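Below, each chain spelled out in residue letters.
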Amino acid sequence: DAKTTQPPSMDCAEGRAANLPCNHSTISGNEYVYWYRQIHSQGPQYIIHGLKNNETNEMASLIITEDRKSSTLILPHATLRDTAVYYCIVRETSYDKVIFGPGTSLSVIP
Amino acid sequence: NAGVTQTPKFQVLKTGQSMTLQCAQDMNHEYMSWYRQDPGMGLRLIHYSVGAGITDQGEVPNGYNVSRSTTEDFPLRLLSAAPSQTSVYFCASSYQTGELFFGEGSRLTVL
């Protein structure tokens, strides 16, 4: 089973920040939080990952709570091209299978 | 650097036929995996491999075989195709703990 839970869908106005939450209450100390997105039926695309500190790259920011039980992916200025399914997963530092949950379907509205 | 290459991109089979979906990566990744995605659904893990000669089952392994004779290749075999295996199949690879790189997908229809 997936180790994360996410809302099934969210809407966001174009130009506004999209904040996508993820719950990973059973995360262990060795597990990273990864975010991917899938546009239409393309292969999922990596966005960002983190262990305990907040992270930012050219695509998004990742905020991880201090207890590491939840995180939020932030798309600072959502565009129509950000409409996609967003997946939050946790992955250990050692070899392990990667299980995806159903993700959050984000719709960016003009 | 081609990344993760899947072939074929589209395939139509009749029930009972067998076929192999090919996956190759040129990034020297140890970890490779196969997922299937049914319409409107998320990704479900079929099989995965942490290195040459090592494979293991995922969430939905029944009806599929895999092997990993080289680091680069991870073929997925359907021994006797069934309509329930109609799906889009994605291959993914990564270093031990890094981000997953996905192929473009193989769309399979079983009649």
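Quantities reported herein were computed from a predicted structural model and do not represent experimental measurements.

Chemist: Before we move on, can you summarise the pairing of strand S6 (residues 54-57) of chain B with the specific residues and values?
Modeler: Residues and elements named next belong to chain B. Summarising the sheet, strand S5 (residues 43-51) and S6 pair through three bridges and their orientation is antiparallel. Bridge pairing in S6 links histidine 47 to glutamine 57. In this antiparallel pair of consecutive strands, S5 and S6, the connection spans two residues, and glycine 53 shows a positive phi of 85 degrees.

Chemist: Break down the interface of chain B and chain A for me, citing the residues and quoting the values.
Modeler: In many reports, interface size means the accessible area that the parts give up when they come together. Each partner contributes to the interface: chain B provides 23 residues, whereas chain A provides 20 residues. Among the residues chain B hides against chain A, the three largest losses belong to Leu43, Gln96 and Thr97 of chain B. Together they make up 28% of the total. The interface formed by chain B and chain A contains zero salt bridges. Between chain B and chain A we count eight residue pairs in polar contact (both at pLDDT 80 or more) in total. Mapped by element, the contributors of at least two residues to the side of chain B that touches chain A are strand S4 (31-37), S5 and strand S9 (87-94) of chain B.

Chemist: Go over the packing of aromatic side chains with me, naming the residues and quoting the values.
Modeler: Remark: the centre distance and the inter-plane angle together describe each pair of aromatic rings, the angle taken between the planes. Overall, the coordinates contain twelve aromatic pairs over all chains when judged by the stated rule. Between the aromatic rings of tyrosine 36 of chain A and phenylalanine 102 of chain B, the centroid separation amounts to 6.2 Å while the plane-to-plane angle is 80 degrees, which identifies the pairing as edge-to-face. Here tyrosine 36 of chain A, found in strand S3 (residues 32-38), pairs with phenylalanine 102 of chain B, found in strand S10 (residues 101-102), and the two come from separate chains. Judged by its relative accessible area of 1%, tyrosine 36 of chain A falls in the buried class. Each residue in the set Tyr32, Tyr34, Tyr36, Tyr46, Tyr87 and Phe100 of chain A together with Tyr35 and Phe102 of chain B is aromatic and connected to the rest through ring pairs, giving one cluster. Sitting over the ring of tyrosine 31 of chain B, arginine 91 of chain A keeps its end group 4.6 Å from the ring centre. The lysine or arginine in question, arginine 68 of chain B, covers the ring of phenylalanine 74 of chain B, its NZ or CZ lying 6.0 Å from the ring centre.

Chemist: Could you give an account of the state of the cysteines, naming the residues involved and the relevant values?
Modeler: Here the structure, examined in full by the defined rule, presents two disulfides over all chains. Here cysteine 22 of chain A pairs with cysteine 88 of chain A through a disulfide, and the sulfurs are 2.1 Å apart. Classification of the bridge connecting cysteine 22 of chain A and cysteine 88 of chain A rests on its S-S torsion, roughly -80 degrees, and on that basis the disulfide is left-handed. Taken together, the residues span a long stretch of sequence, with cysteine 22 of chain A in strand S2 (residues 18-23) and cysteine 88 of chain A in strand S8 (residues 84-91) at a distance of 66 residues. The disulfide partner of cysteine 23 of chain B is cysteine 91 of chain B, and the gap between their sulfur atoms is 1.9 Å.

Rules and cut-offs
Residues numbered from 1 in each chain as written. Chains lettered and ligands numbered in written order. Predicted model: local features only at pLDDT ≥ 70, side-chain atom pairs only at ≥ 80, totals over all residues. Heavy atoms only, no water. Pairing = 2+ DSSP bridges. Helix = DSSP H or I, 4+ residues; strand = E, 2+ residues; numbered from the N terminus. Contact = heavy atoms within 4.5 Å. Buried area = accessible area lost by both parts, 1.4 Å probe. Salt bridge = Lys/Arg side-chain N within 4 Å of Asp/Glu carboxyl O. Polar contact = N/O pair within 3.5 Å; in protein donor to acceptor, adjacent residues only side chain to side chain. Phe/Tyr/Trp six-rings, centres within 6.5 Å; stacked < 30°, edge-to-face > 60°. Buried < 20%, exposed > 50% of the residue type's maximum accessible area, 1.4 Å probe, protein only. Lys NZ or Arg CZ within 6 Å of the ring centre and 35° of its normal. Disulfide = S-S within 2.5 Å.

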